[in-house]
There are 2 protein chains.
Amino acid sequence: MADAAFVAVDWGTSSFRLWLMSKSGEILGERRSGEGMTTAMRTGFPDVLASHLSALSAPSDLPVVVCGMAGARQGWVEAGYVDVPADLADVLKGAVRVPGEAADIRILPGLAQRSQDTPDVMRGEETQLLGALSADYATGEQLVCMPGTHSKWVSVSNLKVTGFSTYMTGELFDVISKHSILSHAVEGAETVAGDLPAFQGAVAESYENPQMATNRLFTVRSGQLLHGLSATDAKAKLSGTMIGLEIAGARSSGRNDAKVILVASGALGELYKAAFAALSIDFVTIDADDAVRRGLVAAANAIWQ
Amino acid sequence: MADAAFVAVDWGTSSFRLWLMSKSGEILGERRSGEGMTTAMRTGFPDVLASHLSALSAPSDLPVVVCGMAGARQGWVEAGYVDVPADLADVLKGAVRVPGEAADIRILPGLAQRSQDTPDVMRGEETQLLGALSADYATGEQLVCMPGTHSKWVSVSNLKVTGFSTYMTGELFDVISKHSILSHAVEGAETVAGDLPAFQGAVAESYENPQMATNRLFTVRSGQLLHGLSATDAKAKLSGTMIGLEIAGARSSGRNDAKVILVASGALGELYKAAFAALSIDFVTIDADDAVRRGLVAAANAIWQ
């Protein structure tokens, strides 16, 4: 571990990811846990960080660069927002140092869109964008889809964020699955697979008729009552309805001549790929985990080198 | 109480309403409680009914006509569905007698729409419809809006239900208010008033751009963060977004030349009146409580007289 140079942390609402990095950008160690902001607010941000550094036998005085909800008002130290339109590089200048710590710990700001009609905020995705776009998409127009609890669709022009919209897709899927009458219909369902006809059909139907979304959700229940809709198909239909609604919104408000870039990982990434395919939307994919790490490395390089 | 002739009960998922009626249709007594199906499944349907009859000093052997979720599979006795298209009067023929009870207790069936794409069900609203329309709207085309936990929009032609759609508006408002990130934004809010600009603006915006609904919901949160949106305005915006989305769906799928009839009571009725006014939609209102009682009386007359 002699050549560890700095620590990169993506500290979300419910997840914590840490990479121990060499000066040349090599990954020397990696940690993932559920100790996101919600947990760390109770147990203490310094202790969470220290425990993961200790688990990697890393020195406790390494410089640390952090993005995400650790910079929220209710996080570790408030890191504010850079207002859009904003060059992604401007985010790097706004890092806030955590006071009272021996180590040099910097938290990156988020982005804010302060319009009266469509106010919006992001924290963490700006760093992902930096990592995702700098290498291959430094010029041109992109519409970047970053799915998740609160999916972000970001319009980018020559590495400048011109506007963005958040859709509560993941969170609504979660609360509807758990707390509404549909909880009975999806009980015991398998994980939603993008190749299920029930998923693809719901994506297409919701995209074509977004105004019917809360009715289509009810048909998950009535489909179970009248047609014996299976739990797995019920969950796929719920998921597809929410994702189709999101894409309908994003495509109606973004520039349709912009290249669609999906920044996602794992199972959620596979669902969005299947949704785009069902809607015949051309896109390219960039791995979200790689992107945020690359963005944090770029931030570290800008701050300390 | 000498002239009590029968008992009318509207037994919903979460509410119980009972009227003690004379032969001529006079209300001799009335009870309301939260002992809907969810409660009665645990405490027993016969006991709930007996306790309310006892509270009115009514004989325990009066005939009883019941509509609503008491006739669901998980209710008291399953009363099945009449399939649409259906004359409302057909509902009266499908009443199921509760076995093993000394009193003559009949539960009315619901309506089912068995299409593969838009399956739908109602229980209780068919009785409200019967009461709402028979007197003044026995002919012509109506689009009937019945707001609630699961709002129903029903197409009726000469007292025949030709189709209907359920929107999960009320339940989604409730679970989003309680279980999503918006719970912080609406904490401490006053009851939503229809004359609030935040409500009317959200109704209009969601009606015009239904595809943006889950984004507009997030602006409740970001509006609080960036513009200090008040809890009352936040709740009004959440409510208006959900109601505007429902109306957009209903108007896109119903016949737009049909007369819009709002069957509603109380605060929820006032919100829908304000929403229709904000969208310049012509409508007439029929009181929902009166309607269901009149429908139950019509059923009692058909069954026992």
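Criteria and thresholds
Residues numbered from 1 in each chain as written. Chains lettered and ligands numbered in written order. Predicted model: local features only at pLDDT ≥ 70, side-chain atom pairs only at ≥ 80, totals over all residues. Heavy atoms only, no water. Helix = DSSP H or I, 4+ residues; strand = E, 2+ residues; numbered from the N terminus. Rg over C-alpha atoms; globule rule 2.2 N^0.38 Å. Contact = heavy atoms within 4.5 Å. Areas by Shrake-Rupley, 256 points an atom, 1.4 Å probe, with all protein chains shown as cover. Lys, Arg positive; Asp, Glu negative; His and termini not counted. Charge placed at Lys NZ, Arg CZ, Asp CG, Glu CD. Pairing = 2+ DSSP bridges. Axes fitted to C-alpha atoms, helices over the stretch in contact; angles between N-to-C directions. Phe/Tyr/Trp six-rings, centres within 6.5 Å; stacked < 30°, edge-to-face > 60°. Buried < 20%, exposed > 50% of the residue type's maximum accessible area, 1.4 Å probe, protein only. Lys NZ or Arg CZ within 6 Å of the ring centre and 35° of its normal. Least-squares fit on C-alpha atoms with pLDDT ≥ 70 in both. Salt bridge = Lys/Arg side-chain N within 4 Å of Asp/Glu carboxyl O. Domains from an automatic or database assignment. Buried area = accessible area lost by both parts, 1.4 Å probe.

Quick look at the overall build of chain A now. When its secondary structure is counted, chain A shows 11 helices and 15 strands. A compact globule built from 305 residues would reach a C-alpha radius of gyration of about 19 Å, and chain A, at 20 Å, matches this within 12%. Judged by the C-alpha coordinates and their principal axes, chain A covers about 65 × 40 × 35 Å. For chain A, contacts bridging at least 24 residues in sequence account for 63% of all contacts bridging at least 6. Of the roughly 11500 Å² that chain A leaves accessible, carbon and sulfur atoms contribute 48%. A gap of 2 Å separates the mean positions of the 24 positive and 34 negative side-chain charges of chain A.

With that settled, the discussion passes to the sheet that holds strand β5 (residues 81-83) of chain A. Residue and element names in this part refer to chain A. With respect to topology, three strands assemble into an open sheet ordered β5-β9-β10, the strand pairing being mixed. Taken across any chain shown, the strands that pair with only one partner, and hence form the sheet edges, are β5 and β10 (120-122). Direction aside, neighbouring strands of the sheet carry axes that sit 25° apart on average. By the bridge criterion, three bridges tie β5 to strand β9 (residues 110-113) in an arrangement that is parallel. Each bridged residue has a counterpart across the sheet, and for Asp83 the counterpart in β9 is Ala112.

A few words on the packing of aromatic side chains. Residue and element names in this part refer to chain A. If you walk through the whole model with that rule in mind, you get 14 aromatic pairs over all chains. Relative to Phe16, the ring of Trp11 has its centre 4.8 Å away and its plane inclined at 80°; by these criteria the two rings are edge-to-face. Pair check on accessibility: Trp11 and Phe16 agree, each one buried. Feature note: the residues Trp11, Phe16, Phe45 and Trp76 constitute an aromatic cluster, connected by ring pairs. Lying over the aromatic face of Tyr81, Arg123 brings its terminal NZ or CZ to 4.4 Å of the ring centre.

Next up on the list: the relation of the copies chain A and chain B. Placing chain A over chain B gives an RMSD of 0.0 Å and needs a rotation angle of 180°, together with 0.0 Å of translation along the axis. This pairing of chains is accounted for by a two-fold axis. Here 98% of the interface residues in chain A have copies in chain B that are interface residues too; the copies meet face to matching face.

Residues and elements named next belong to chain B. For strand β4 (residues 64-68), the buried fraction is high: five of the five residues fall into the buried class. Of the two faces of β4, the one holding Val64, Val66 and Gly68 and the one holding Val65 and Cys67 are both buried throughout. Here five bridges tie strand β1 (residues 4-11) to β4, and the two strands are oriented parallel to one another. Note that in β4 the partner of Asp10 across the bridge is Cys67. Judged from the three bridges that link them, β4 and strand β8 (residues 105-107) form a sheet pairing that is parallel. Directly across from Val64, in β8, lies its bridge partner Ile105.

Under the defined criterion, the tally for this structure stands at 28 salt bridges over all chains. Ionic pairing is found between Arg216 of chain A and Glu205 of chain A, a salt bridge with its closest N-O pair at 2.6 Å. In this pair, Arg216 of chain A sits in helix α8 (residues 213-227) while Glu205 of chain A sits in helix α7 (residues 197-208), placing the two residues 11 residues apart along the sequence. For Arg216 of chain A, a relative accessible area of 12% gives the class buried. Taking relative accessible area as the criterion, Glu205 of chain A reaches 26% and is therefore assigned partly exposed. Residue Asp87 of chain B pairs with Lys160 of chain B through a salt bridge whose shortest N-O separation is 3.8 Å. Separated by 73 residues along the polypeptide, Asp87 of chain B in strand β6 (residues 86-87) and Lys160 of chain B in strand β13 (residues 160-167) bring together distant segments of the chain. Taking the relative accessible area as the measure of exposure, Asp87 of chain B reaches 32% and is therefore partly exposed. The partly exposed category is assigned to Lys160 of chain B, whose relative accessible area is 33%.

Looking now at the domain arrangement of chain A. Residue and element names in this part refer to chain A. Segmentation of chain A into domains returns domain 1 (1-109) and domain 2 (124-304). On a C-alpha basis, the centres of domain 1 and domain 2 stand 26 Å from each other. Listed by partner, the interface residues are 28 residues for domain 1 and 22 residues for domain 2. Taken together, both faces of the contact between domain 1 and domain 2 bury some 2100 Å²; the carbon and sulfur share is 73%. In this structure, Arg32 and Asp289 form a salt bridge, with 3.2 Å as the shortest nitrogen-oxygen distance. Every element with two or more residues in the side of domain 1 that touches domain 2 is listed here: β1 (4-11), β2 (16-22), β3 (27-33), β4 (64-68), β6 (86-87) and α3 (88-93). Considering each element in turn, the side of domain 1 that touches domain 2 owes the most residues, five residues, to β4.

Below, the discussion takes up the sheet that holds strand β2 (residues 16-22) of chain B. Residues and elements named next belong to chain B. Taken in spatial order, the six strands make up an open sheet running β3-β2-β1-β4-β8-β7, and their pairing is mixed. What marks the edges here is a single partner per strand, and that holds for β3 (27-33) and β7 (96-97). Of the strands in this sheet, β1, β2, β3, β4 and β8 touch helix α11 (residues 288-304), which is tilted by about 130° from β4.

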